Amino acid sequence: MTRRCFKIKNIKVICTKCGKSYLADILQDRCDDCNEPLEVEMVKKGGIREGNLLKQNMLERYADFFPYFNTINDVSLREGFSPLLESEKLANEIGLGKLYLKNESSNPTWSFKDRGTVTGVLHAIKIGYKKIATVSSGNMAASVAAYGAKSGLKTYVFVSSQIPIEKINPIAIYNPTLVTVEGRYDLIQRQSLRLSNKYGIYMLNSDATFRVEGYKSLAFEICEQTNFDVPDYVLVPNSSGGHIRGIEKGFREFKECGLIKKVPKMVCVQAAGCSPVYNAFIAGADKVERIDKPNTLAHGIENALPLSGNQVLRMLKWNNGLCVSVTDEEIINAQATLAGTGLLLQPESAATLAAVKKLKKEKYFRGDEKVLCVLTGSGLKYTAAFERHELEQYTCKLDEMDSLLGSLQ
Ligand SMILES: *Cc1c(COP(=O)(O)O)cnc(C)c1O
Ligand SMILES: [Zn+2]
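Residues numbered from 1 in each chain as written. Chains lettered and ligands numbered in written order. Predicted model: local features only at pLDDT ≥ 70, side-chain atom pairs only at ≥ 80, totals over all residues. Heavy atoms only, no water.

> Describe the coordination of the zinc ion (ligand 2), listing the residues and the values that go with them.
Only Cys15 (SG), Cys18 (SG), Cys31 (SG) and Cys34 (SG) from the protein coordinate the zinc ion (ligand 2), and they sit 2.2 to 2.3 Å from it. Each of the 4 donor atoms bound to the zinc ion (ligand 2) contributes to angles spanning 95 to 123°, and the resulting shape is tetrahedral. (Donors = N, O, S within 2.8 Å, 3.2 Å for Na, K, Ca; no water. Tetrahedral: all angles 85-135°; square planar, octahedral: opposite > 155°, others 65-115°.)

> Which residues make up the side chain of Arg245, and what values do they have?
Within the element layout of this structure, Arg245 appears in helix α8 (residues 242–256). Here Arg245 is in contact with Thr16, Pro37, Leu38, Glu39, Asp207, Val212, Ser308, Gln311 and Val312, once residues within four sequence places are set aside. (Helix = DSSP H or I, 4+ residues; strand = E, 2+ residues; numbered from the N terminus. Contact = heavy atoms within 4.5 Å.)

> For unusual backbone geometry, give the residues involved together with the corresponding values.
Here the phi dihedral of Asn35 falls at roughly 60°; this positive angle occurs in a residue that is not glycine. Along the polypeptide, Asn35 turns up in the loop between β2 (21–23) and β3 (38–40). Even without glycine at this site, Lys363 takes up a positive phi of about 65°. For Lys363, the position within the fold is in the loop between α12 (347–361) and β13 (370–375). For Lys363, a relative accessible area of 69% gives the class exposed. (Buried < 20%, exposed > 50% of the residue type's maximum accessible area, 1.4 Å probe, protein only.)

> Describe in detail the sheet that holds strand β10 (residues 233–237), supporting the description with residues and values.
Taken together, the 6 strands give an open sheet; going across it, the order is β4-β5-β13-β10-β11-β12, and neighbouring strands pair in mixed fashion. Looking along the sheet, the strands with just one partner apiece sit at the ends: β4 (84–86) and β12 (322–326). When strand polarity is set aside, the average angle formed by the axes of neighbouring strands in this sheet is 25°. In terms of strand pairing, strand β5 (residues 98–103) meets β13 through 6 bridges, oriented parallel. By the bridge assignment for β13, Leu101 is matched with Cys373. (Pairing = 2+ DSSP bridges. Axes fitted to C-alpha atoms, helices over the stretch in contact; angles between N-to-C directions.)

Right, dumping it as structure tokens:
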């Protein structure tokens, strides 16, 4: 196996707040001066590569927009290229022009995280790292562990010791060095960052610069899947803010390259039990404040102080986007609605549909809008949510089946 490692030449990463620029050939995710996230400079010229979609992978198709990666054959698990469904039924029920559902549960580890893990791992390899790590107990941990296994890099996953075993096993199966740590989550995070610097480990956290880059691909696919007639609104459940930032950047690059006419309005969706970005947005503040006692069943977006929170606020301003918060009850209702169309998604994902319903009910949507929900992860990742539904079944003996079925006609 030959792994072609090209140096990252002339690629800059730029502070999202003050504009200070850095070179991309080292690992640096935050600005020295303002501690805000860095972002790879925009691609301003490019197009879509032709190819056989059954063979091509995501980064080959959009290679112009990832000019710093030359080959991904030994790292890719065939992430991306997820289905886009249009639900006429739900659009009619809710009262919308069009309702699109982008189903990210088709990714290799059943969430969108894979799109950013592949680019993060490629960057790590490119700048010479042999070890990667993450702090997570959810989708990001599984994703990093899987790509660590695929790429043959030594992989560390740090999780809090309070995590139940059914969440640990789907990470452990990829055989990373899994460390459960007793202590507060944010402190584990800070300590891991310090130690990974010390031991030369590439830390691939939720808003890492080259993780966010990978998320652009989701926007590219939406453009192609809608024949470049992009939706008016794209709703994304928000935790660290890495995902929504990457998607918006993808649309912006395609617009800059003349592939689409407008960038959709981005809608940042949060759970009412933990909504630091929403709170700041409503207050017109430019900084997010820590939430004291976060409490929602949508644990993937239960983030008391999002790393990219301030940048999401800045982005929503220039994008004319908005922020919505929904209750756990609304999330569970929306999860049932999605299942009623044949899609079982995580509560986090259902939050976007709950937000659509809310925006219509509150008459923010007139009724002719084209709206897209990003469904971020598989419903099988969090089976505890089933207990929140009233799931019905009939029981009978073998010789009662006939009469039961008769009575159910
Ligand atoms: C990670 C995750 C999110 C939040 O993404 P961020 O980039 O941290 O904002 C939302 N939903 C699911 C299912 C996730 O795994
Ligand atoms: Zn800065």
